[in-house]
Amino acid sequence: EEGPLPLNENRPMKNLCLAALCIVQTARAAWHEGSETLTLQGSGTLDTHGVLQPHDLGHKAPKIFVYPYGKFEEAFKAEHCEAERDLDERENCLYGNFWSVQNEQGEKVMIRNTEQYSNGRIYYNRALSSPHRVMDPKKADIFMIPYMWTKRKGTKCGDVGELLKNLPYLNEKNAARHFLVLPQTRGKCDFATANSGDEREAALLSQIQKLALENHGGDMPIVYPSISSGLNDTECNALLKTAKTSDRNHLVSAMFHLSKGMSTGIRTILKKQMDGQEDCLFIDPSKATKHETHSYPKVYLHSVFSFQPSGLSISRKGMIDSLAMGCIPVFFDEKQWDLYHWHIPEWEKVSIMIKPEDHGRALKILRGMSTKRIQEYQQNVLRVMPRLFLRRDNEEGRRRTVKDAFDYAMTGIFNEGMRRSSLVNVSRSQDSNSELHELDI
C-alpha cells in the first residue's frame, strides 16, 4: 500500500505555491498601502453635507501604456470620437448630451444622456489623458489595446496575426496585464480561439483581460457608463448633495418592457404588485410618451427603491443608473450580485435581493423594512456613488481629485493581472517539476 510522500518530496511544490502567493500579496500591498478599505460600512468619502472629500490619486495608481492604432486606425478613430475637434462636441460624443434634474430648491443639477455601450470610447480617452499614462512601455504596469471588436458599424474581427503585429510588447510576462475594453455585454470576437495554429500565440491572447458589461467566458465586468458620467467634480458634488436630500416620495419605481425574453414572467409579477399603489410608479417604455421615457433619472431620484429584473441578459443599465441617483436597486437573480466587484465590492449593502420563492411578495417585503435599515442602505449607496462616476476633467485644466470608476478599473486590471501571472507561473513550475521527476525515473 502506498503511503504519503516523504516530507522533502512535498516541499518543492509547496514552496512554489507559497512563493507565488507571496509575490501577489507583496505586489498588492505595495499598491494598496495607505488606500481605503473596500468595506463600504464606515469608509465614506463624503462629508456631513454629502460633498466629496479630495483624495490624492497618488503614485500608487498603475502606469498605463496605450498602444497606437497601427493598421486599425481607420476602423476605430471615429468610434473613439476623434473626428470631433471641438472639445464640447467631443465630450458630447463620449458622454452624451447634458440633461438636468431639479433639486429640492428648484436648482438644475446636471447629468448626462450617456449611451449604454460607450465604455470603449470613454476608457480609451480617459487612458490617453490620464496623468498615469506612460509613453515608454518598459515603465508600464498595464497595457491598453484600443480595439473594440464588437461587429458594430461594420467593424470586422481581426485574426491573431493581425492583432499580434500591432502588439510588439506583448510577451509571457506581461500578457495578463494587457486589456481590451469591449463596450457591450460580451466580446463578439474571441482572440484566444482564433485559427492561428500557434499554441504560444493562443496562450498569450488567452491571458489578455477582456473588460465587458458582463462576465461571459472570462470577461471582467465593469459598470455601465451611467447618467452620472461626463461630470466634473463640481457637478458630481451637486448630484451627491441632491441625492442625499431628495424627498423620495415613491417607495418603489420600475421602468421596463413587460415582454423581455425569459424575464417576461417576473416582470409581469412585479407590475401586478405595483398596480393601484399610490406610492409606486411603473413606466412601460413601449407605451410611455417621449417625456415620460426621458424622465427616468427624476423617477430614480424621487424613489427609495427601484425594481431591476434582468432582461435579455443578466445586467441592465438601470442597475447603475438607479444607484447613481441614490436609489436602492432591487434584484431578482443572484447572478446580478456577481457583477462589478471592482466597483461595488459589497452588493448586499447597497441593494436588495429577492429570492425566487418571494418574487410574488417583493413589494410586501420592502414595506416591512424598518426606517433605520433603509437609512443604512441609503448611506451605503451614497458611499458607493463616487466609484460609479466616469468623470471628465475640471475647468481650467484642474485635475480630478477623487477616484472614480476608471481608476478602480485600472487598479482591478493590475491586481487581476498579477493573479493570473502567478497562476501561470505555478502551472509552468508544475510542468517543469513533472518533467524532472520523469527524468529521474
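Below: a short report on this structure.

Calculation notes
- Residues numbered from 1 in each chain as written.
- Predicted model: local features only at pLDDT ≥ 70, side-chain atom pairs only at ≥ 80, totals over all residues.
- Heavy atoms only, no water.
- Phe/Tyr/Trp six-rings, centres within 6.5 Å; stacked < 30°, edge-to-face > 60°.
- Helix = DSSP H or I, 4+ residues; strand = E, 2+ residues; numbered from the N terminus.
- Buried < 20%, exposed > 50% of the residue type's maximum accessible area, 1.4 Å probe, protein only.
- Lys NZ or Arg CZ within 6 Å of the ring centre and 35° of its normal.
- Polar contact = N/O pair within 3.5 Å; in protein donor to acceptor, adjacent residues only side chain to side chain.
- Core = buried A, V, L, I, M, F, W, Y, C linked by side-chain atoms within 4.5 Å.
- Contact = heavy atoms within 4.5 Å.
- Salt bridge = Lys/Arg side-chain N within 4 Å of Asp/Glu carboxyl O.
- Disulfide = S-S within 2.5 Å.

### Considering the packing of aromatic side chains
And then number 1: Inspection of every chain in the model, using the stated rule, returns 12 aromatic pairs.
And then number 2: A ring pair is formed by Y296 and Y300, whose centres lie 6.0 Å apart and whose planes are at 80 degrees; its orientation type is edge-to-face. Taken together, the residues span about one helical turn, with Y296 and Y300 both in helix α10 (residues 296–301) at a distance of four residues. Here the two residues Y296 and Y300 agree in accessibility, since each one is buried.
And then number 3: The ring of F98 has R112 sitting right over it, with the charged end atom 3.7 Å from the ring centre.
And then number 4: Here the guanidinium or amino end of R387 rests over the ring plane of Y408, the centre of that ring lying 3.8 Å away.

### Some remarks on the environment of T245
And then number 1: Note on placement: T245 falls in helix α7 (residues 233–245).
And then number 2: Residue classification places T245 among the partly exposed positions, given a relative accessible area of 46%.
And then number 3: For the pair T245 and E104, spaced 141 residues apart in the sequence, the C-alpha separation amounts to 7.5 Å.
And then number 4: Polar contacts involving the side chain of T245 include one to the main-chain carbonyl oxygen of K241, which spans 3.0 Å.

### Focus: the nonpolar core
And then number 1: Core analysis: the largest hydrophobic core is formed by 108 residues, its most contacted members being Y123, F305 and F307.
And then number 2: Tallying contributions element by element places helix α14 (residues 405–440) first for this core, with seven residues.
And then number 3: With residues up to four places along the chain from it excluded, the contact list for F307 reads V252, S253, A254, F256, L270, M274, R316, V330, F332, A362, L363 and L366.

### Some remarks on the pattern of salt bridges
And then number 1: Per the counting criterion, the structure on display carries 12 salt bridges.
And then number 2: Salt-bridge contacts for E235 lead to R392; the nearest nitrogen and oxygen are separated by 2.8 Å. Linking E235 in helix α7 with R392 in the loop between α13 (371–384) and α14, this pair joins segments that are 157 residues apart in sequence. Assigned by exposure class, E235 and R392 land together as buried.
And then number 3: Of the charged contacts in the structure, one is a salt bridge between R419 and E416, with a shortest N-O distance of 2.7 Å. Pair noted here: R419 and E416 are both in helix α14, with a separation of three residues, about one helical turn.
And then number 4: Counted as one network, the salt bridges with shared partners bring together E91, R112, E235 and R392.

### Points about the state of the cysteines
And then number 1: A full pass over the atoms with the stated rule returns one disulfide.
And then number 2: A sulfur-sulfur distance of 2.1 Å marks the disulfide that ties C81 to C93. Where C81 bonds to C93 through sulfur, the torsion about that S-S bond is close to -80 degrees, and the disulfide is left-handed. Of this pair, C81 sits in the loop between α2 (73–76) and α3 (87–95) while C93 sits in helix α3, and the two are 12 residues apart along the sequence.
And then number 3: Judged by relative accessible area, C81 falls into the buried class, the value being 0%.

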